[in-house]
Amino acid sequence: MSNRDKHFKGQQENETLICFFRHHWMVLAKDLFYFAIFAVAIVLSLLNFNSIVDIVRADYELKLLFLSAYIFATVFIHRFSIKLLNYFVNIGIITDIRIIDHDRTVFFRDSMDSIDLSQIQNIEQIKDGLVPAIFKLGDIKIFMTASSATKTFYNVTNAKFHFRCMNRAKEARQIAMRGYSGLQAAQQSEAITTENAHTIQR
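Let's shift gears to unusual backbone geometry. Located in the positive-phi region is Asn155, a residue other than glycine, with phi close to 50°. Along the chain, Asn155 falls in strand β7 (residues 150-157). One non-glycine residue, Asn158, adopts positive backbone phi at about 50°. Relative to the helices and strands, Asn158 resides in the loop between β7 and α5 (159-201).

Our next topic: the pairing of β7. Sheet topology places strand β6 (residues 137-144) next to β7; 6 bridges connect them, and they run antiparallel. Along β7, the bridge assignment pairs Ile142 with Lys151. Where β6 hands over to β7, the hairpin turn is made up of 5 residues, counted between the paired strands.

Time to look at the sheet that holds β7. The 3 strands are arranged β5-β6-β7 in an open sheet whose pairing can be described as antiparallel. Edge positions in the sheet fall to β5 (120-126) and β7, since each of these pairs with one other strand and no more. When the angles between neighbouring strand axes are averaged without regard to direction, this sheet yields 15°.

Once that is clear, we can look at the nonpolar core. Most often, soluble globular proteins keep nonpolar side chains buried together rather than apart. Ranked by size, the top nonpolar core spans 18 residues in total, and within it Ile94, Ile99, Ile120, Ile123, Ile142, Phe153 and Met166 carry the most contacts. Of all elements in the fold, only β1 (17-22), β5, β6, β7 and α5 reach the threshold of two or more residues within this core. Tallying contributions element by element places α5 first for this core, with 5 residues. Among residues more than four places away in sequence, those in contact with Ile123 are Ile140, Lys141, Ile142, Phe163, Met166, Asn167 and Lys170.

We now examine the sheet that holds strand β2 (residues 91-95). On the basis of which strands lie adjacent, the open sheet formed by 4 strands has the order β1-β2-β3-β4 and antiparallel pairing. Among the strands making up the open sheet, the edge pair consists of β1 and β4 (110-116). On average, each strand axis in the sheet is inclined to that of its neighbour by 15°, with strand direction left out of account. With 5 bridges connecting them, β1 and β2 associate as antiparallel partners. Bridge pairing in β2 links Phe21 to Gly92. Against the sheet, helix α3 (residues 60-89) engages β1, β2 and β3 (98-104), with an angle of about 165° to β3.

About the thresholds
- Residues numbered from 1 in each chain as written.
- Predicted model: local features only at pLDDT ≥ 70, side-chain atom pairs only at ≥ 80, totals over all residues.
- Heavy atoms only, no water.
- Helix = DSSP H or I, 4+ residues; strand = E, 2+ residues; numbered from the N terminus.
- Pairing = 2+ DSSP bridges.
- Axes fitted to C-alpha atoms, helices over the stretch in contact; angles between N-to-C directions.
- Core = buried A, V, L, I, M, F, W, Y, C linked by side-chain atoms within 4.5 Å.
- Buried < 20%, exposed > 50% of the residue type's maximum accessible area, 1.4 Å probe, protein only.
- Contact = heavy atoms within 4.5 Å.

Fair warning: the whole summary comes from geometry, so function is off the table for now.
What follows is the structure in structure tokens.
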């Protein structure tokens, strides 16, 4: 049975999904705090709506202030909604073949960067400070074998679990690749031996 595009677009036929991950919700903490203050202000304004209308109606400058506040509220809600949606669509994917960074936004960006597990030299988990320890978030840094290039996933939720998933998938992939390379080498050696035997017989 083919796995092509089974769980995500771009999934290969022989590729199995292990898990996916995204940034920790703490990256939205500041925006959630501002939104809570904004929501309280909106609720208080609605509760005192008649009084506000009476005050604003009598003063032109207050009308301009109210209009400015309305425009600010519209922009703020739009910006917060976009950030929230971007949080859910921007993910990382771990399969038995590669690690994929799906860098996506709602409107303008949709790119995928993949790292073959057989090309990974080392994976490092970085968790410094009290907040990462309490909320189980951290950075995961990947070192390549072929160059000095690195790839870092920042503020990963449950970083320890996904760090273990990456390491286990890397180890299984590299063992499979060594076995495949050994099989190829054995087949080539057998072919050369057979060819030499035919040459000697001639």
